[in-house]
Amino acid sequence: MERAYNFNAGPAALPLDVLKEAQAELLNFNGTGMSVMELSHRSKDYEAVHNQARELLRKLLSIPENYDVLFIQGGATLQFSMVPMNLMLPDKTANYILTGVWSEKALDEAGKEGSTRVGASTAEQKYRSIPESADLDLRPDDAYVHITSNNTIYGTQWKHFPDTKDVPLVADMSSDILSKPLDISRFGLIYAGAQKNLGPSGVTVVIIRKDLLERSPKDLPIMLNYNTHASKNSMHNTPPTFAIYLLGKVLGWVERYGGVKAIEKLNDMKASMIYDAIDQSGGFYVGHADKGSRSVMNVTFNLASEELEKKFLAAAREKGFVGLNGHRSIGGCRASIYNAVPVEACEALREFMLEFKAKN
Ligand SMILES: *Cc1c(COP(=O)(O)O)cnc(C)c1O
């Protein structure tokens, strides 16, 4: 069977090489006579898998020594709660910059844990853009500032991160982590569910500056306290071993490809193929995001009518394109082109878009 042109928003495409490696090792991992899923998480064999994944992420993202890398379950959504539970300070307010549905959800959860405010929002512009630096209301006594680096649903992405000075910057990077080089030292905490750019669902990566671990209240439930995961190498209880194994394999694939700089080039090329098809269509396709805020990971666009969009999506499905429908909250069309989506799939989509326009 042919592999589908997979433009799913998440869980999303995985590199074919990674799937083949996992397939080859499925029944007998590393001479153990069993799959990774069947290993004890306390065994040397699993421990090596676990530590290699963590170290490779450190290497690829040049994560400084004063940061811990944690593997946690519960998705990015649990981080909407864990971030405020651990980082909120009495008498201080957490500052949320709203750029889409995911940041709204993060704000809602934080509001249950303490005092919050909205330092900027582009909701009135239908989240077509990222706010300008000058429009951010940042205050030195904020507990932290929270942003969503890539807005998976609206197809917008921060191009320059705000300078929050001594206030920790917290970023939900679920849909663009590892898509380009990153200056980790600008952030207090980064979190990302793995199922977009890092691997399968089931594991969430948290990168936290070590001094921030001191903020966690002592009476937090043990699994919700970052210190538990940091002090136990993310193995206080059984970790999602197979997800972490595949995460390690995806990281190995990125390394072999040439690291995040090479991946960034590839991503830019893939994105411009599709954005060019939109921009050169004479208004047949209309991008949702303002040009300056366009995401390299999620390309969102509309056609002239809902009817024509339906026709487009049906014709696309017919040709083997999967996942091009927009998020159920906003409709339209969306192509998610994470690291593992091959250039050929983007080329095929571009061709299909030109062809569909010519016929309609
Ligand atoms: C997908 C996504 C989430 C939700 O992730 P879960 O792992 O399903 O909780 C949160 N934030 C962003 C930016 C996302 O893209």
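The structure displayed is predicted, hence computed values, not measured ones. (Residues numbered from 1 in each chain as written. Predicted model: local features only at pLDDT ≥ 70, side-chain atom pairs only at ≥ 80, totals over all residues. Heavy atoms only, no water.)

**Student:** Got a minute to help me understand the overall build of the protein chain in this structure?
**Tutor:** Regarding its fold elements, the protein chain presents nine helices and 14 strands. Among the 360 residues that make up the protein chain, the fraction classed as buried is 56%. Within the protein chain, counting contacts between residues at least 6 apart in sequence, those at least 24 apart form 66% of the total. Roughly 16,000 Å² of accessible area belongs to the protein chain as shown, and the carbon and sulfur atoms make up 50% of that amount. Between the mean site of the 40 positive side-chain charges and the mean site of the 43 negative ones, the protein chain shows a separation of 2 Å. (Helix = DSSP H or I, 4+ residues; strand = E, 2+ residues; numbered from the N terminus. Buried < 20%, exposed > 50% of the residue type's maximum accessible area, 1.4 Å probe, protein only. Contact = heavy atoms within 4.5 Å. Areas by Shrake-Rupley, 256 points an atom, 1.4 Å probe, with all protein chains shown as cover. Lys, Arg positive; Asp, Glu negative; His and termini not counted. Charge placed at Lys NZ, Arg CZ, Asp CG, Glu CD.)

**Student:** Would you mind showing me how to read the nonpolar core here?
**Tutor:** Here is a general trend for soluble globular proteins: nonpolar side chains tend to be buried in one another's company. Ranked by size, the top nonpolar core spans 53 residues in total, and within it Leu 61, Leu 178, Leu 198 and Ile 207 carry the most contacts. Ranked by residue count, the leading element in this core is helix H6 (residues 241-257), at nine residues. What Ile 207 contacts, discounting residues up to four positions off in sequence, is Leu 61, Ile 63, Tyr 67, Asp 68, Ile 177, Ile 184, Gly 188, Leu 189 and Ile 190. Residues Met 273, Val 296, Cys 346 and Phe 356 belong to the second largest nonpolar core, which totals 37 residues. (Core = buried A, V, L, I, M, F, W, Y, C linked by side-chain atoms within 4.5 Å.)

**Student:** Just checking my understanding: could you explain the site of the ligand for this structure?
**Tutor:** Looking at the ligand, there are 13 residues lining it, with Thr 77, Thr 152, Asp 172, Gln 195 and Lys 196 nearest. Take Thr 152: an N or O atom from its side chain is 2.5 Å from an oxygen atom of the ligand. Here the ligand, which alone exposes 390 Å², has 86% of that area covered by the protein. The element contributing the most residues to the shell around the ligand is helix H3 (residues 75-87), with four residues. Considered class by class, the residues forming the shell around the ligand number three nonpolar, eight polar and two charged. (Near = heavy atom within 4 Å. Polar contact = N/O pair within 3.5 Å; in protein donor to acceptor, adjacent residues only side chain to side chain. Nonpolar A, V, L, I, M, F, W, Y, C, P; charged D, E, K, R; others polar.)

**Student:** Any chance you could explain the sheet that holds strand S9 (residues 189-193) here in plain terms?
**Tutor:** Sheet strands pair via backbone hydrogen bonds, and the direction of the pair is either parallel or antiparallel. In spatial order, the strands read S2-S10-S9-S8-S5-S3-S4; together these seven strands make up an open sheet with mixed pairing. Since the sheet does not close on itself, it has two edges, and those belong to strand S2 (67-72) and strand S4 (116-121), each with one partner. Going from strand to strand, the sheet's axes swing by 20° on average, the running direction of each strand aside. Sheet topology note: the strand S8 (residues 169-172)/S9 ladder contains three bridges and is parallel. (Pairing = 2+ DSSP bridges. Axes fitted to C-alpha atoms, helices over the stretch in contact; angles between N-to-C directions.)

**Student:** So what exactly am I meant to see when it comes to the packing of aromatic side chains here?
**Tutor:** Pairs of aromatic rings are described using the distance from one ring centre to the other and the angle between the two planes. A complete count under the given rule lists 19 aromatic pairs for this structure. Ring pairing ties together the aromatic residues Tyr 5, Phe 7, Phe 284, Tyr 285, Phe 301, Phe 312, Phe 321, Phe 352 and Phe 356, which thus form one cluster. (Phe/Tyr/Trp six-rings, centres within 6.5 Å; stacked < 30°, edge-to-face > 60°.)

**Student:** Sorry if this is basic, but what is going on with the domain arrangement of the protein chain here?
**Tutor:** Interface size is commonly expressed as the accessible area that is lost once the parts come together. When cut into domains, the protein chain gives domain 1 (16-257) and domain 2 (259-359). If you look at the interface, domain 1 gives 28 residues, while domain 2 gives 27 residues. Its largest share of buried area at the contact with domain 2, domain 1 owes to Arg 128, Ile 153 and Tyr 257, together 25% of the area lost on that side. Inspection of the region where domain 1 meets domain 2 yields zero salt bridges. There are 16 residue pairs in polar contact (both at pLDDT 80 or more) connecting domain 1 and domain 2. If one sorts the elements of the side of domain 1 that touches domain 2 by residue count, H6 sits on top with four residues. For the side of domain 1 that touches domain 2, the class distribution of residues is twelve nonpolar, nine polar and seven charged. (Domains from an automatic or database assignment. Buried area = accessible area lost by both parts, 1.4 Å probe. Salt bridge = Lys/Arg side-chain N within 4 Å of Asp/Glu carboxyl O.)

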